[in-house]
Amino acid sequence: MLEYVQMYQQAIDPQSPGHTGFNRFAHDRRLAKPGYAPFKTPNADTLYSNAWLDLTDGPVILTVPDAGKTYFTVNLIDIYGNSSNISARTRGFGPGRYAIVPVGYDGPIPEGTERFTVTTPYCWILMRVLARDLANPVRAQALQSGFTLSPTKSQAAETDAFPEPDTKSAAGFMHILDWVVRNNGYPEAEGAYVQRLRMIGVGKGPEAIDEAMRDPEIRAGVQRGYAQAQSAINDSSRLSGYPAGTWKVPADIGAYGYNYFYRAAINTLGTGANVTTENYPFNTFADSEGDALDGSKHKYRLTFTTPPPAKFFWSLTLYDARTRELYPNAINRYIVNDRTPGLVHGKDGTLSIAIQHTRPADPKANWLPAPDGPFYLVIRAQGPDADLLEGRWLPPGVEKVGQ
């Protein structure tokens, strides 16, 4: 549902501020800041570019420029949230041309292109380009502009074929689910689930949904089930992954298989999750004693003996738990990473970060400002080394250091 809303705003609704239509990039030329609109829990390391592909009439050609030594990933996410990558990790830094096609496409592709298959005909591209200079990402902006999309046929979306996204009601969710099933297909192994949903109209068209919802008992049951599911998902989003102390380690994000509940929890926390071999993230809502992180109650410290082992970059980012957005603060610092200027390391090479609402007494402290309330932290390791993938490196606990 959340991906569909983003697609509708960018590709369908001409009144939306971010509207581009299908098969066109929207390049964000600035790093994510508080209030970032496209999705929740964004990183603040890379410039984002977004595009929605409509592959129903043929391939779309993605042109990748020579990236030099700058990390990038073109993360292709199907309508069900499953990810694949054309990236510096998977293809190197050099240029290329790729014909993006859906599963089952048996037509021609242009000469000089490499076939790249995605699983659904409607597909989201979430591209990331590393900004080495956080204050003035000119090089990253120039590289962004070198990525282009070219449809092989003219595609014009029928606006009235897409339901207007209503995310507040069970009926609105049912209409979105019906459109997704009818227009994107589903794995054969899920046929029994879809057949059960057909009894309340899903997969039979919007008129069938409306007819089913006119029955008082069906409507009451759907509304009750939808409310219970939303409550369970919201409660579970902060518990996603396997425990590593008080941190959570990802479990197959971006490749969910039949774990539908986990997929819903991850995408509620933040859509656009990548596979762990591309980006290995940790998240925590709790300190080392298991208490909820809250800048109104405590000051905290996080000390890395060694930083997260990553080939391309690592970062620690703080988010306001009430908004799932970057927290606005007086020094405009939302992140500590391997490019943060002025970081002070201990004599033994450790990196200690003060995480608190008020400015530290020590002016040289590595301060990551926290809100006057609940927050959470995310560690990202782009291009994780074997120590991460095999569980030999785990993040330290977040320690209370005062009130």
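Residues numbered from 1 in each chain as written. Predicted model: local features only at pLDDT ≥ 70, side-chain atom pairs only at ≥ 80, totals over all residues. Heavy atoms only, no water.

Chemist: Give me the sheet that holds strand E5 (residues 83-87): which residues, what numbers.
Modeler: Spatially, E1-E2-E8-E4-E5 is the arrangement adopted by the 5 strands of the open sheet, whose pairing is antiparallel. Pairing within the sheet leaves two strands with one partner each, and these edge strands are strand E1 (26-27) and E5. (Pairing = 2+ DSSP bridges. Helix = DSSP H or I, 4+ residues; strand = E, 2+ residues; numbered from the N terminus.)

Chemist: Just give me the short version of the environment of Ser49, but keep the residues and values in it.
Modeler: By the element assignment, Ser49 lies in strand E2 (residues 46-54). With 98 residues separating them in the primary sequence, Ser49 and Phe147 have C-alpha atoms 9.5 Å apart. With near-sequence residues (within four places) excluded, Ser49 lies in contact with Phe25, Ala26, His27, Ile125, Leu126, Met127 and Gln144. Side chain to side chain, Ser49 and His27 meet in a polar contact 2.6 Å long. Here Gln144 takes part through its side chain, which lies 3.0 Å from a polar atom of the side chain of Ser49. (Contact = heavy atoms within 4.5 Å. Polar contact = N/O pair within 3.5 Å; in protein donor to acceptor, adjacent residues only side chain to side chain.)

Chemist: Describe in detail the packing of helix H7 (residues 216-236) against helix H8 (residues 260-269), supporting the description with residues and values.
Modeler: Between H7 and H8, whose axes approach to 8 Å, the crossing angle comes to 65°. The angle between H7 and H8 falls in the class roughly perpendicular. The way H7 lies across H8 gives a crossing that is right-handed. Packed against H7, whose contacting residues are Ala232, Ile233, Asn234 and Ser236, the element H8 presents Phe261, Ala264, Ala265 and Thr268 at the interface. (Axes fitted to C-alpha atoms, helices over the stretch in contact; angles between N-to-C directions. Parallel < 35°, antiparallel > 145°, perpendicular 65-115°, else oblique. Left-handed = near helix turned anticlockwise from the far one by under 90°.)

Chemist: Go over the packing of aromatic side chains with me, naming the residues and quoting the values.
Modeler: In total, this model carries 23 aromatic pairs according to the counting rule given. The interplanar angle of 75° and the centroid separation of 6.0 Å between the aromatic rings of Tyr71 and Phe313 together place this pair among those described as edge-to-face. Residue Tyr71 is found in the loop between strand E3 (60-64) and strand E4 (72-78), and its partner Phe313 is found in strand E14 (residues 310-320); the two are separated by 242 residues along the sequence. Judged by its relative accessible area of 1%, Tyr71 falls in the buried class. Here Phe313 falls in the buried class, since its relative accessible area comes to 2%. Relative to Trp179, the ring of Phe162 has its centre 5.1 Å away and its plane inclined at 40°; by these criteria the two rings are tilted. Note that Phe162 is positioned in the loop between strand E9 (148-151) and helix H4 (170-184) and Trp179 in helix H4, a separation of 17 residues in sequence. Of the two residues, Phe162 and Trp179, both sit in the buried class. Ring pairing ties together the aromatic residues Tyr4, Tyr8, Phe22, Tyr122, Phe162 and Trp179, which thus form one cluster. One residue, Arg339, lies across the ring of Phe313, its end atom 5.2 Å from the ring centre. (Phe/Tyr/Trp six-rings, centres within 6.5 Å; stacked < 30°, edge-to-face > 60°. Buried < 20%, exposed > 50% of the residue type's maximum accessible area, 1.4 Å probe, protein only. Lys NZ or Arg CZ within 6 Å of the ring centre and 35° of its normal.)

Chemist: Quick rundown of the packing of H4 against H7? Include the residues and the values.
Modeler: One can describe the packing of H4 onto H7 by two numbers: an axis separation of 9 Å at closest approach and a directional angle of 85°. By the angle class used here, H4 and H7 are roughly perpendicular. Of the residues in H7, those in contact with Ala170, Phe173 and Met174 of H4 are Val222, Gln223 and Tyr226.

Chemist: Describe the nonpolar core, naming the residues involved and giving the relevant values.
Modeler: Ranked by size, the top nonpolar core spans 32 residues in total, and within it Leu76 and Ile100 carry the most contacts. Going through the elements one at a time, E2, E3, E4, strand E6 (96-102), strand E7 (114-118), strand E8 (122-130), helix H3 (138-145) and E14 are the ones with two or more residues in this core. Top element by residues in this core is E8. It accounts for 5 residues. When near neighbours in sequence (up to four residues on either side) are disregarded, Leu76 contacts Leu53, Asn82, Ser83, Ser84, Ile86, Ile100, Phe116, Val118, Cys123, Trp124 and Ile125. (Core = buried A, V, L, I, M, F, W, Y, C linked by side-chain atoms within 4.5 Å.)

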